Every structure is written in C-alpha cells, then in structure tokens.
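# Examination of the molecular architecture
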Protein chains: 2
Amino acid sequence: MEGNKYVYLFEEGSADLKNLLGGKGANLAEMTNIGLTVPPGMIITTEACNAFYEKNLQFPPGMEEQVQDKLKVLENETGKKFGDPKAPLLVSVRSGAPISMPGMMDTVLNLGLNDETVQGLAAQSNDERFAMDCYRRFLNMFGDVVLGIEHQKFEDYLQRKKNQKNYQFDYELSASDWKEVIENYKQLIEKETGKPFPQDPEEQLFKAIYAVFNSWNIDRAIVYRRVNKIPDDLGTAVNIVAMVYGNLGDDCGTGVAFTRDPSTGEKNLYGEYLTNAQGEDVVAGIRTPRHISSLKDEMPDVYEQFVNTCHLLEEHYRDVQDIEFTIERGKLYLLQTRKGKRTAQAALKIAVDMVKEGLISKEKALNMVEPSHLDNLLHRRIDPNAELDIAAKGLPASPGAASGQIIFNADEAEKKAQEGQKVILVRTETTPDDIHGIVASQGVLTSRGGMTSHAAVVARGMGKPCVCGCEALQINYEKETFLVEDRQFNKGDILSVDGGTGHVIVGEVPMLEPELSDEFQQLLEWADATRKLGIRANADTPQDAAKSRELGAEGIGLCRTEHMFMGNDRLPIVQEMILARSEEKRKEALDKLLPMQEEDFYGILKAMSGFPVTIRFLDPPLHEFLPDKEELLVEITELRITNGDKDKLAEKEDLLKQVRQLTEFNPMLGHRGCRLGITYPEICNMQARAIFQATARLVKEGYDVLPEVEIPLIGDINELSFVRKDVIEIADKVIEESGVKFNYMIGTMIEVPRATLLSGEIAKEAEFFSFGTNDLTQTTFGFSRDDAEAKFLHEYIDKKILAENPFIVLDRDGVGRLMEVSVQESRKTNPDLLIGICGEHGGEPNSIEFCHLVGLNYVSCSPFRVPIARLSAAQAKINN
Amino acid sequence: MEGNKYVYLFEEGSADLKNLLGGKGANLAEMTNIGLTVPPGMIITTEACNAFYEKNLQFPPGMEEQVQDKLKVLENETGKKFGDPKAPLLVSVRSGAPISMPGMMDTVLNLGLNDETVQGLAAQSNDERFAMDCYRRFLNMFGDVVLGIEHQKFEDYLQRKKNQKNYQFDYELSASDWKEVIENYKQLIEKETGKPFPQDPEEQLFKAIYAVFNSWNIDRAIVYRRVNKIPDDLGTAVNIVAMVYGNLGDDCGTGVAFTRDPSTGEKNLYGEYLTNAQGEDVVAGIRTPRHISSLKDEMPDVYEQFVNTCHLLEEHYRDVQDIEFTIERGKLYLLQTRKGKRTAQAALKIAVDMVKEGLISKEKALNMVEPSHLDNLLHRRIDPNAELDIAAKGLPASPGAASGQIIFNADEAEKKAQEGQKVILVRTETTPDDIHGIVASQGVLTSRGGMTSHAAVVARGMGKPCVCGCEALQINYEKETFLVEDRQFNKGDILSVDGGTGHVIVGEVPMLEPELSDEFQQLLEWADATRKLGIRANADTPQDAAKSRELGAEGIGLCRTEHMFMGNDRLPIVQEMILARSEEKRKEALDKLLPMQEEDFYGILKAMSGFPVTIRFLDPPLHEFLPDKEELLVEITELRITNGDKDKLAEKEDLLKQVRQLTEFNPMLGHRGCRLGITYPEICNMQARAIFQATARLVKEGYDVLPEVEIPLIGDINELSFVRKDVIEIADKVIEESGVKFNYMIGTMIEVPRATLLSGEIAKEAEFFSFGTNDLTQTTFGFSRDDAEAKFLHEYIDKKILAENPFIVLDRDGVGRLMEVSVQESRKTNPDLLIGICGEHGGEPNSIEFCHLVGLNYVSCSPFRVPIARLSAAQAKINN
C-alpha cells in the first residue's frame, strides 16, 4: 500500500480522472492544464477515501505526508505559509464525489485561521472587521461540519449578542463585537468537545479531511446512495485550494457567468460581478452586482481575458459553462467551471446552434436537452414575472395553466362552456361520469387522488392543466363553496391553476402562449432519425388522434373504448345493457350500441389511416357506469322518511340492489377486463363487430386501416383463447358479409404479474403484447394507485423508502424485471411478436430508456408527451 | 416404421406397461398373466395412436394386419369366428388412456353383430328378444360414438315407437318390436351418413378403432388435458375383448365387488351380483342384486374361486381392489380390476391394517390416504342416512355441520348463546366486527363472499361450519327474514348448514360426532416420522393455540393481531386511536391498548411455550375498525330530514368525514400492513413493546418463549429497515428495563410480487420469511379474492379456463414461480433464513407438496387442517 499516490496537484490531474478526483477537482485540474489560472490546489483521491474505510477510519499510510508535501508546493506557488502570522496561507476544504451528492460535507473556508494568522489576514485585507468576520465564520463552519456541534448553538450565541447590543443585522457588528463572538465560539467548542479549538492549522486540516471522508458514510448519504443506486465504493475526493480574495481593493472582484444566456440560449455572455467583494457579499445582497459586460469598462484587460476564457472553456467542454471567478489584485482566478443549467427553450436553441456552429454532433445535441423540459413548451404557462396570490398547492398532475370560474359539477361546467364562459372544474375527485365536464373546462382541480388518478390521466390525455390531491381544499358541494384554511371560495369566483407547479392561484393571471420553435422541430427530426423505438399515442377520439399525428405519433398504442360508453346519448343504453336480467335483453341493448361504436371506430381508424390503431375491449368494472351508491342511499332514505312516492322508492331500491350486486371490494382486482368478456361474451362480440364493420367500410373507401384488437387483463392463455376464438369468427363473418378483405391483429395487454410469468404460453396465441404498466405497477407493488398516492406514497418519498413514485418512473427492479421475463420468454415462442407499452410510463424518459434496453418495439403515451418520447427514445439509443 | 409392434394380446402385456397399454388394458393383461381368467383380448398401443396422428389420421402401416392376426388368436381361444352367422365372435371396443380421461369415447359393446350374426347370438342365448335388444343397442352405440349421429335421434325413434304401441318401459318391447326399431335405426344411419350401416364386422371394428383414436383429440378432451396438465402425446390405447355373457342360463351371472368394505375398511368382501344377468340389468334396477356372500350358496365353487381371486389380487396389487366379473356357464371371468374407492374412515383403517398384516410399508400406507379426507373426520357431520330438505346450496367454506336458530346480527347471536341457545349467524357477509357473533354461533351462513372470504377464513380457523356465497338467499335485515325463491325464513327458525357440501337445510338434522380413531393417531405418527416440512398453525387466541398443539402443530406460523383489536372493550379505544387528530392523542389511546395487547401475547406465548410464535403487526386498513359508511349516511340523512338533534348530526357528519377520508378505492392494495407502520410508527412500536414485555415476564416465570415479530406487506428493503430499527430499539429497551434477556426474531411476510423479486435484498435484514400466499395470489393474478369468487371465478372453473381455484390450490406456474425465485435468491444472501407459508394454501395437499419441493422450512394452516398438513408433508417427502 505504501507508495500509493493519494494526492494530486491540480497540474497532475485532468477531467478524465473524475472517478479518482471527483467532479469538482477534475474540472479544476483540467482548467489548470489548459493554461487557465486557477488558485494552486490539491486533490485527495477517492481511493484514499476507500482506503480510509478499509482501515477502519484511519488515513492510509503515506497520505498525510503527501498532503504535507503538496502543501509545500502550494506555499511556494502562493508565496504564503500555512500558519504564518504575517502572510498566512489559507485554504478551502471541500468534498467532491464523482457524482454530486447532497447530504455530504460541503465546504470549510479560510482554514488555517487562528488567533495569530487572523492578524495577518487583517493586515493583508486592510480590514480587521473582515478578518474577524472570516475567523468567526471559520469557527462556526469548522465547529459544525468538522467537530459536529449543532449550528444552532452558534446561532444562539450570536443572537444573544445581537439582542444585547440592540443590533438587527450581522453587518452592524464591529470588529471588536466579532472578537467577543470569537471568544464565545471558542468557549462553546471547548465546552462541547472537551478540548480547546485547535489552533494548529495542520491539525485543522487533517480534522477537516477526516470529516469529509466521514461524511461519505453518514446515514443520509447512505440512504441517498441506496435510493439513487450509487455504489458505496465510489468514495469522495477532498479538494484543498489556496484562498484568493476579491476584496483586497478596487482591482479585485468576484462573479459568476454563463457562456450563453441560460434563459434564451442566445450566444451572449450572461452573468454578474462585484468589484472589491467576496462571494458572500453577492449572496448578502448589500450591494447590487453589475452585469458582466460592465467589466469591460472597469477592467478591460481582465474582461478580454475572461471572454477568451469563456470561448476556450466552451470549445473545450463543448457545452455552455457556468463559471465562478475571483479577481485578486488584477489577476483573474477561475474557481469552478461546470455545465450551465438552462431553460427548456435555451437548451433547444443552444443544442441546435452548437450543431450549426460545428461545435458538437447531432447525437451530442440530442443528449443536451432534458426531454421532460419539452413539456413546458407545449402548454400555456403563467408569465414568470407575474405576481401570484397562491391559495394552495396540490400535485402538478397535468402541465399548463388556465383561469376560469369555479364550477363544482360537470353538467354545469358543460353548460357554462356552451355559453362561452371559461370554467375550472373543482371536484373532490373525478369519475368517468365527469368526462364531459373535463372536456368543457379550462382546467381541473381535485382535492383527492394522485398523479395517476382519473382526473390526472384524463387531463393529461387532453393536454389540459390539472392540479390533483390538493388536500387543503374542503369542498362543500351543497353550498357550492370550498374553504382553504379560513379563506372561502364560491361558485363563479375566478381561479387559476398551474398544472406544472401544482399552484392554485386566486383570480386571473397573465399567461404566455406555447410556441414551437424551429429548433424544436429540428431537434425532433434528428431524434426520429436516431431512435430505434417506435412512438405511438394513447388516444380515444379522432381529435386526439389528429393531435397525436401532429406531434409525431406513428400510431395509436391504446384506444380505450370505455370513454365512448360515457356520452350522454350512450350511458342510458349502457346502463340498460348492464342491468339486463337476461342475455336477450342484454343483446337488445348491445344492438343499439353497435352502430354508435362502429362510428367511433370509423372516425379514429380514418384519422389514423396508414398507421396501426390498438383498440382495447371494454376494461373497467361495470358498476362504474351505474349511478352512485351513496347518492341512491340518500335518496332512498329521504323517500322513506318523508313517505314519498312509493313506486319511485321501489324502483330506487331495486336499482340500489343491483348496484350493490355489482359493487366490489377491490374493483381494480375485480370483474373487469377480459373477465367481463368471458362472463358476458356478447359485449366483446359487439365490440369486435363494430371494429370490423368500421374497418370493412374504410377499406372499401380506399383507406389503409390497421386495427389491432386488444384483449385486456389476460393472466392465462385460456382466457385469451376463449375471447380470441369469437373475435376471429366475427372477423370472418364480417369479411363474408361485406365482401371486403382486411387485415387485423389480435393481442393482449400484459398488466398482471402472472401474465408476465406465463408470457411464453400466452405469446403462442397473441400477435402483439402491450405492457399496461399502470396496472402492472399496482399489482407488483400491491399499491392501489389512487389510495397510495393520497395516503402514503408521499411519505415513502419523503422518508426515502422509495426513490421515485413508481407510477411515474418505471420500477426497474420489480416491474421491470417482470417485463424482461415477459419479453424474453414470449419472443422465444413467438419471435415476430410486436411488443409495446401503453402505461403512463411510455411518456417518461427514464422508463423509455428501460423500454429501449429491454427490446420493446414501441412506446405509447399521451399525445402531448409524444415529443418527449421521441427525444427520450433517441437518447436511449445514443447512450446504450 | 413397418415391423413396429402395435398390438398386444393380454398374455403379452403387464401392469408395468400402463403408458403403452393404458390403465385398463394393463390391468387386464396383468390379471391374465397371474393366471386369472380374463376373456381373450388384445390392446392396440398408445404408440399406434400417436403414429395415427403423425400420419394425419391414418392407421400406421402394419397395425391393421396385426389386429387381424390377433383376432385369429381370439377366434381360436373362444372357438367362435368374427362374422360367423352360427357362432359369432363378438367383442367390446373401449378406449383406455394411461390416465383416465372423461370426455373420450368410452365403449362399444357387441361389436360384430349384423343382420346375420344376430341370429347366431339368438341361438346361443336362446333368447331372440335379448339378441335383438343387443343389436339395437349396438346400432345406437355405434351410430352415436363411431358415426357421430346424435344419440337423441335414436331416442326419438324409440320414443315414437313406444308411443305408437302404448308402451311405457323398454322391457315391454318384444323381439319383433325390436326388429322394427332395428330397421328404423339402420335407415337413420343411412340417412345421416349417406351410407348403409356397415354389415362387415371388420369394417365395424376398424371404424370403432378409428373413433377411439379420434376421440383423443376432440375439443373437450384437449381442454381437459390442458387444464389438468396431461401431455398431449400420451395417446390412448384401444381394448378389444371377446364378449362373455352372464345371461345364458342359471349357471351364469354378473357382479362387482370390493376386497374390503369401502365404507368401514373392515376386511370383508363387499359387493353384489345377479344370476342370469348382464351388467345393464344391474343398472336398470329391475331385479334386486344380492350380496356377494350369497354366491357361496348358489355357486359354491365359483364363490371359492372368487374369494381366492380377491386375495390374490389384493396381495398382488397391495391395495383394495374393485372388481367386475361375469360368470358364463359356470366359468368366472374377470372383466376389470382397479383400486377401490373408499371413505376416509375406511382408507385409514385399510392403510394401518395392511401395514400390520405385513402387506405394505408405512410409506405406502401414508400414500393410501387422501389427506383432504381427514377433514371429514375432525368435524361433526350429518348422518348420511338422514332425509334432508335442502333449501339452497352455497360454497362449502368450512367443514362440519350444525343446526340452530336463524339470527341476523352478531350482538344478538352472542346474547342468545349466553342464554344457552344454539344459533346460526346469517349475514350477507361478515366483517371483523362480527367476530364475537361467529364465536357464539354454531355455524355461519353468508349470501356473498367466496371460499376465502372473511367468514370462511375465520370459521375455518375456529373449526366452525360455514356456508358462504349462497347467492340464492335474499336477506332483509330490517324485517329479519330471508327468502330463497319464494320460501321465507324468519328469525328464530331452525336451520342446518353443512359446510362440507354447502347445503342449507331446513330444520334440525341428525348428526354424527367426530371420532379420532386409533388408526388416525397411528398414521399421523408415521407421517411425523417421515416428513421434512415443519407444521405450524395459524392461531390468534390461547384457545386456538391449545387446539393446534393437540392436533400436532409445532408452533404458530401466523398470529394475527387485528382480531384482538375487535373486542368490545377494545374497539372504542382503537377508534379513538384511529380518529386522533394528533400524534399525542394517538399515543394516549395506544397507551391504553398496550396492557391489553401485552395480556393477549402473554396468553398465546404461554400456551405455546417451547414453540415459536410468529406475531404479525397490525395488517388491515384502519377503516375496517370504524363504523360503516353507509349506516352513517342513512343516520345522517334521517337526522337531516327529520330536523333531529343538531349536535348529534354534527358529530355524525364529522365522523362520516373521517370515515370517508380513510375509505379506499381498493383497500386490499391500500394503506395497510407495514405502510401503517411507516406512516404511524407509534402503532408498531406499541405492538413491539407489548410483545417484548409479555416475553420478558414469561422468561422471568421460567417459560421458554420464542416470539417472531412479523412485519407484513413488505415490498422493499427500506420498508423493513425502517420498521425493524424501531423494533430492535424497543427490544433493547425492554431488556434493559426488565433486566431479562430474551431471544426474538424479526422477519416479514412475502405477499406482493415485488417482495419475491427483491428477496435477495430483503433477506439481508430478515431472519424469517413467511409467504402470505392469499395476498400473493391476489396480486399475481390481479384477483380480489372476494370479488373473484363471487363474480367470475366459478365461471372460470366451469369454462375450464382455470383448472382450480387458485385461492385453494396454489398456482405453481405463476405464484409458485415467484416463490421459487424468492426462496432461491433469499437463501443466496441469507442461507440461514427460515422460510414458511401461512396462506390458506399451507393446509392444502397439492400446495404443501409444492412447498416441500421448493424447500420451505414449514407450512402453517388453520388448526383443524394441521392433521392434513402432517400427512401431506409426509406424502410430499415420500413421492419426491
């Protein structure tokens, strides 16, 4: 072990050595080596950290000596000396893991200060108060992060002092005030640790290094790594850098800048600086920083040097850089460079511009845009400069923003909309009964339900803003009001919702309209040329289908037929069908539905001519189409107590009985999907006939129609065989009756664990599989999504039990593993099987990458997520 | 291919060749070879059947010639000739697969009859009417099973003839009447097939062989095989046997007999016979058969021969035989032998007796008893000779029978029971609220819910009879009556339920008390010495624990704590705890529950001293402990309409609001199990403290206590870590406070698919796993068990979509595969992990075999299923 190199000077490192030197250190080394001025510094490697743990929290042999050696180099380069009372070398000590990790020790500045060296700093800075302030900050930081004394205890001392002196702000304290505080802090440290504050700078330094290493394995860091799947043996590096000061005179300064405008993407330097100041001054906000371009006038040489530096770094890193710098006595020091964060709009422009400038490849450009950011560009949003009166915050369930009158029921929302008024539909939760109300509204607000509740799913499908699960709302339907704490909102009041942030805002707010830039189109074209995964949309209407095509979908991966059963003209017939007491009566009702369904399918298949359309047979449990049990119960009780109309009472009682019979304990796991088709084959048969009759008509009219009949919720090959037999028979009959030949496929959704495990069998009778990962997530976890999101899932995320909401980001370990089994075993028995995904995950970037990895043929998502999916699929291809 | 041997004479075969010769043929061959008299016959092999399918429904080359050759041998042996008009050889043709398969072609008798040979039969039998009757039967059988003409068409002709002649019964038809029928039948055959009835006996024979082969692949046979997992390439054999006749005079006869009494197991011949008769006569019931012992007087030589034959067969097969025989002119022919079906009681006696007689080994004896039959012996049952007025039939949910007054609510049931009256609790379904009523009742009857509904599970646990899901019952709680069709039953009426058959019987019925015979104890002792799996019981009370020990359980595999929350003294405090609006208030309520829970655990741990007890933390969703939402809604509506007490209304409205907040869409997948422990750690903490305080007291008192703390519904290691940390901390505290050291384990239930998939991780922090296969089946299939059993599962079984109810017999392909993954991966990271099962499957023989195969350490089941589990576990060991 002895002889290992544990410490690197900046000039010995490079950006490639990120795993060894950590992200921050590697970039400092890189800058040093391309000739930029960085304060002298060294990096203790992640290997040293790992060795430290192997040796039971002891520094590995040789490490300390290496630090001391390199310190000599720093002293030579700076002309200062560690612990020297006249010209003390002061350093910052920072952790720096290969992957940035919140929770670890961050920074100790001004290390090397003690009762003597603080005098040297005072002399150098010509500012005793500043030196003392540095010292007390150092004592606090060191006490807190290195010695483990609660920060609050330092604060308490300081507060007491301020009260004593009748000060309100820190800057009111004089140098001698700070000296008193310093004495107090040193006493506190001695009291808490049983030892005096270490005056020896070397002791300070090694204690700080120890603390950085140690912070790698504190509870919250371990949990963070476990949750984010970061290996425990990465380790952290330690950066030790000579302090430089931007506040030693007017030829000094400090600032931060981006190489391009991070909000628009324009190719202009963007940033601000302060002369004669340190970083803290910018934060404190006492003086107003100036725009970076003003530096040209104040220090033209430095400015020119800085501009060149920016060009150099951008060309070197081939990306926008976010740079921290300090000017000490006319000399420009770079303290950090990293990838610049940017808005969605800027990201697009920068990526496309850089390709045009020849700086980067198209692949790199595709990787530079965060797919989820595209979402913002597709929806209206609130003017970021507007002042908002935010009444409450719910879940950001469907992006975009809208304003309108508060309306509490779907029928009234529809009526108001027909009168040309804008409404926001407010419900505790929505059901399929409310669809027409959602259609009519500008946006939806619910007090219950999660990111994948009915309201959320439907609103996303329609591209409408939605805020869900806003539990602060106490809705009173009877009075048509809701309370948020003691604020009352009435029907007709104007309200705004921001489905991107979850904000519920009082009154109307100024909006910005979405604009799809040329860069947007350009980048997605490149994405299409790159990706391997097909992209389809989930759409139930010809309108949605058209929107999907416009946004680039290559087919419909899920057309739900249940929404079609909800129309005002249909529902009574659907209820007639469900409540039929004989198969004959049921068939009569179904015969009435047949021409309506045929028109539905005609419309959607026509809109998607040339592209496949997966049509799913009726899926939800039948009681969803019946009147609400509780409302019936109240009506009946009222009729009973008031001795009301006897016939009506009997009728309602009968209806209640039937509703009760259809009510289930756990409808999600109940009589739905193909189970309906097995107990009531006539329902599936009607739907099959409607699909094929529409197909035959369209083929006759010259359209290129590709229906895919999807039988949901299969868990056993026998279920599929049972329904499939009838579907084939009906197709044959329709072909015979119409004299038109057409193609079609029959397949199934894979959405219960058993279906994944028996995929090898099931694939023998399926031409396609589509993963219904919403339900598969529910069954794999045993989570009812509505209940989980409302009741405990947020606590799971808060307590880091799960890293992500598995209904949003596909759970690779559980759900994903089942998908892998399914794909592998089904392709073995049916190599031509077409496999897709139509759960909400089909529009989520991380999940799309998994779909690519596991070898799916396509993903299908809400129309408005199609652009995200196109980009994500391209990234998945590039990165794997 | 030519040269293959496709046809075996009986003398060429043996019982070992069952796969080649089918079950029936192999036994006939075996009997022939041990010297018994069997009519001459041949067997066409299953290989010939498979070759037939390979050659696209053509007989394999050489097969026909081999049949013809063997036919010559039969002619020689019988002295008759196929097609000879004087002494025709007639044969029976039967299918005979290696595994008996309903749905396949069964039998054609008297093949070889035609217009000429029928005269020979008439001469031989001296009975023209009999010969003609044989011929018309042959025409009908041949027409139906070989030529595929609907049986009903023959019946219709016959009925018309009888109407014409004014006959009521077949035996009224004379020889000449039958001749007319024969002419009609031949015309029918010609009309239906377009060809005359084949008079050529060889043509008849090969057509019959073709039909047997063909019946292997008809739809219902294929479905049967798929569902029962019988390989399609087993094929069926064909048995061709010379006809013998028991009705050619008084020295003839026919009969069936068992070598021992199949209802008691006594070692006496048991059976009946008729002289001068054929098998059909026994069935027709025109003459009364006589007991087999009478044969001694009528034909002493034949009887002696038969008795010897029985001994020989029993010794040869080492099991009770069920024998068919015919005596033709004083000669005893054996037509079939097979294992004799027997009652549970008989099975036990036979098995133990045969070991004592030195006939069989203990292993063989253990295999001779069907474990599920033991259940009958543990419960009271209805006298099989009683006449019953069966009003309705539900699901046989918990075995045993009981009579009592009809009572509709749990409180009243409890009151009546305290008054010394016997009651049957009748509910639409039961909830944990009804426990005290179930305890107080003789039996339970529900109109909803399946074999694993609340009522069923609880009743089985208590060993009480229960009939569930009896949908014919229309219960009216208000009037306290129920209707079955138009029969009305009132409160107080006497009713009986038979939980073994599902019968609901009017009035009191005579019962037989259970008796555990010496043979029962003996066999189970042998089982214990043989089995590898441990056997535990699911028990929640000291009483159940004691019962479990009595029946041989070696520990408690599941002690549910929720039932303990339901007592009348507890429920108000539990509700206080749930409805608490602050953590503080919740803790106050929990503090009151702590000493009660401690007493619960004290009792059960003490009863199981020396054995481990797995105690599961509170599992069900909290709203189960709250008042019913619908009842509240009715009360509120009433108060509102009648302008009732304002304070009460407000209070009820507030309660309803809280109940609503806790209500879930799918409680099975909701806020329950460890999810409660994560959002309300104080609940788990109280339970942990109660367990450890009880443990410390018992250890101090000198008991050997082994608590296993079980954290339910884990799906991720982080959930387990979170709860486990607190449990360990509390154990340490209790050890410190009490000064008593004790041992305990912490583990989890594996009951959602994700837990099985992540078992390798989860096992790192668990000392035991227990498969909760009820919930695992629900989530793997996506079946809510109550909904599925009531709504569609019966249709799945009827339509052969599933072979078995997966809540009763563990689904090896889906659920079982997940269990295998879990066992393998968990043992890799934790080789010492103790793994059991506590779902209902733990008491089901097929599932227990799977648990043995997959390497579990123990199974746990209801106390009354412990004997079944002991025997099943022994069988699993012996057979694998």
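Everything discussed here concerns the structure shown above.
No experiment lies behind these values; they were computed from the predicted model shown. (Residues numbered from 1 in each chain as written. Chains lettered and ligands numbered in written order. Predicted model: local features only at pLDDT ≥ 70, side-chain atom pairs only at ≥ 80, totals over all residues. Heavy atoms only, no water.)

What follows is about the overall build of chain A. A count of helices and strands for chain A gives 35 helices and 31 strands. Along the first, second and third principal axes, the C-alpha atoms of chain A reach 100 × 65 × 55 Å. Put simply, chain A has 880 residues, and 59% of those count as buried. When the accessible area of chain A is evaluated, it comes to approximately 35,100 Å², of which 46% is carbon and sulfur surface. Placing the 99 positive and 140 negative side-chain charges of chain A at their respective mean positions leaves the two points 1 Å apart. (Helix = DSSP H or I, 4+ residues; strand = E, 2+ residues; numbered from the N terminus. Buried < 20%, exposed > 50% of the residue type's maximum accessible area, 1.4 Å probe, protein only. Areas by Shrake-Rupley, 256 points an atom, 1.4 Å probe, with all protein chains shown as cover. Lys, Arg positive; Asp, Glu negative; His and termini not counted. Charge placed at Lys NZ, Arg CZ, Asp CG, Glu CD.)

In this section: the interface of chain A and chain B. Taken together, the contact pairs 66 residues of chain A with 67 residues of chain B. Carbon and sulfur atoms make up 55% of the surface buried where chain A meets chain B, a total of about 6,000 Å² over both sides. On the chain A side of the contact with chain B, A:Phe665, A:Leu669 and A:Arg754 bury the most area, a combined 12% of that side's loss. Put simply, chain A and chain B have 10 salt bridges between them. Ionic pairing is found between A:Arg660 and B:Glu630, a salt bridge with its closest N-O pair at 2.4 Å. On the surface where chain A and chain B come into contact, there are 39 residue pairs in polar contact (both at pLDDT 80 or more). With eight residues, helix H23 (residues 629-641) of chain A is the largest single contributor of residues to the side of chain A that touches chain B. (Contact = heavy atoms within 4.5 Å. Buried area = accessible area lost by both parts, 1.4 Å probe. Salt bridge = Lys/Arg side-chain N within 4 Å of Asp/Glu carboxyl O. Polar contact = N/O pair within 3.5 Å; in protein donor to acceptor, adjacent residues only side chain to side chain.)

With that out of the way, let us pick up the relation of the copies chain A and chain B. Mapping chain A onto chain B is achieved by rotating through 180 degrees and translating by 0.0 Å along the same axis, at an RMSD of 0.3 Å. Such values leave the two copies arranged in the relation of a two-fold axis. Across chain A, the rotation axis passes nearest the C-alpha of A:Asn666, at a separation of 2.1 Å. Interface overlap between copies: 100% of the residues of chain A at the interface are likewise at the interface in chain B, consistent with a symmetric, same-surface contact. (Least-squares fit on C-alpha atoms with pLDDT ≥ 70 in both.)

All names here are of chain A. Tracing the backbone through its elements, the reader meets Ser447 in the loop between strand S16 (443-446) and helix H18 (454-462). Spatially, the C-alpha atom of Ser447 lies 26 Å from that of Gln418, the residues being 29 residues apart in sequence. Dropping the residues within four chain positions of it, Ser447 is found in contact with Arg427, Thr428, Gly469, Cys470, Glu471, Leu473 and Ile475.

Before going further, it helps to examine the sheet that holds strand S19 (residues 481-484) of chain A. All names here are of chain A. Sheet architecture is open: three strands sit in the order S18-S19-S20, paired in antiparallel fashion. With one partner strand each, in any of the chains shown, strand S18 (473-476) and strand S20 (487-490) form the two edges of the open sheet. Between one strand axis and the next, the sheet turns through 20 degrees on average, direction left out of account. Looking at chain direction, S18 and S19 are connected through four bridges and run antiparallel. Bridge pairing links Ile475 to Phe482 in S19. (Pairing = 2+ DSSP bridges. Axes fitted to C-alpha atoms, helices over the stretch in contact; angles between N-to-C directions.)

All names here are of chain A. There is a patch of like positive charges on the surface, built from Arg318, Lys339, Lys341 and Lys364. Mapping Arg318 onto the fold places it in the loop between helix H12 (300-317) and strand S9 (321-328). According to the relative accessible area criterion, Arg318 is partly exposed, its value standing at 38%. (Patch = residues over 30% accessible without salt bridge, like charges linked within 9 Å, V, L, I, M, F, W, Y side chains within 5 Å.)

Two side chains bearing opposite charge may form a pair once their charged atoms approach each other closely. Scanning the entire structure with this criterion turns up 114 salt bridges over all chains. For A:Lys70, the salt bridge identified is with A:Glu12, shortest N-O distance 3.5 Å. Remark: A:Glu12 occurs in the loop between strand S1 (7-9) and helix H1 (18-33) and A:Lys70 occurs in helix H3 (residues 63-78); sequence separation between them is 58 residues. The salt bridge involving B:Glu513 is made with B:Arg380; its shortest N-O contact spans 2.9 Å. Within this pair, whereas B:Glu513 is found in the loop between strand S23 (511-512) and helix H19 (518-530), its partner B:Arg380 is found in the loop between helix H15 (371-377) and strand S11 (381-382), the two being separated by 133 residues in sequence. Connected via shared salt-bridge partners are A:Glu562, A:Arg616, A:Asp619, A:Arg672 and A:Asp775.

Working note: a packed helix pair is described by the angle between its axes plus the distance between those axes. Residues and elements named next belong to chain B. Between helix H5 (residues 128-146) and helix H8 (residues 201-215), whose axes approach to 10 Å, the crossing angle comes to 45 degrees. Comparing their axes, H8 and H5 come out oblique. The chirality of how H5 crosses H8 is left-handed. Facing Phe138, Phe142, Val145 and Val146 of H5, the residues of H8 in contact are Gln204, Lys207, Ala208 and Ala211. (Parallel < 35°, antiparallel > 145°, perpendicular 65-115°, else oblique. Left-handed = near helix turned anticlockwise from the far one by under 90°.)

Okay, the environment of B:Ser582 next. Checked against the element boundaries, B:Ser582 lands in the loop between helix H21 (571-579) and helix H22 (583-607). Engagement of the side chain of B:Ser582 in a polar contact is seen with the backbone nitrogen of B:Lys585, the distance being 3.1 Å.

Another aspect to go through is H5(B). Structural remark: α-helix, 3.6 residues per turn; residues separated by three or four positions point the same way. All names here are of chain B. Over its 19 residues, H5 extends 26 Å from the first C-alpha to the last, a length consistent with the 27 Å expected when each residue adds 1.5 Å. You can read the cap of H5 off the contacts: a side-chain oxygen lies 3.2 Å from the backbone nitrogen of Arg129, and it is on Asp127. Once H5 finishes, Gly148 follows within two positions and takes phi at roughly 75 degrees, a positive value. (Expected span 1.5 Å × (residues − 1).)

Ranked by size, the top nonpolar core spans 281 residues in total, and within it A:Leu523, A:Phe692, A:Leu856, B:Leu523, B:Phe692 and B:Leu856 carry the most contacts. What B:Leu856 contacts, discounting residues up to four positions off in sequence, is B:Leu533, B:Phe771, B:Met819, B:Val823, B:Ile835, B:Gly836, B:Ile837 and B:Cys851. A:Met42, A:Leu74, A:Met104 and A:Met132 belong to the second-largest nonpolar core, a separate cluster that totals 70 residues. (Core = buried A, V, L, I, M, F, W, Y, C linked by side-chain atoms within 4.5 Å.)

For A:Asp600, the location among the structural elements is in helix H22 (residues 583-607). The residues contacting A:Asp600, other than those within four sequence positions of it, are A:Met564 and A:Arg570.

Next up on the list: the packing of aromatic side chains. For any pair of aromatic rings, the description rests on two quantities: the centre-to-centre distance and the angle between the ring planes. Tallied over the full model, the rule gives 50 aromatic pairs over all chains. Ring centres of A:Phe565 and A:Phe625 lie 5.9 Å apart, and the angle between their planes is 50 degrees; this geometry places the pair in the tilted category. Here the residue A:Phe565 occupies a position in the loop between strand S25 (556-560) and helix H21 (571-579), and A:Phe625 occupies one in the loop between strand S26 (612-616) and H23, the gap between them amounting to 60 residues. Comparing A:Phe565 with A:Phe625 shows no difference in burial state: the two are buried. Ring geometry for B:Phe52 and B:Tyr53: centres 5.2 Å apart, planes at 85 degrees, overall edge-to-face. By relative accessible area, which is 0% here, B:Phe52 ends up buried. An aromatic cluster of at least three residues, connected via ring pairs, comprises A:Phe52, A:Tyr53, A:Phe59, A:Phe206, A:Tyr210 and A:Phe213. (Phe/Tyr/Trp six-rings, centres within 6.5 Å; stacked < 30°, edge-to-face > 60°.)

Residue and element names in this part refer to chain B. Bridge count between strand S9 (residues 321-328) and strand S10 (residues 331-339): eight bridges; the pairing is antiparallel. Paired with Ile327 across the strands is Leu332, a residue of S10. Counting the residues that bridge the hairpin from S9 to S10 gives two residues, and of these Arg329 lies at a positive phi of roughly 50 degrees.

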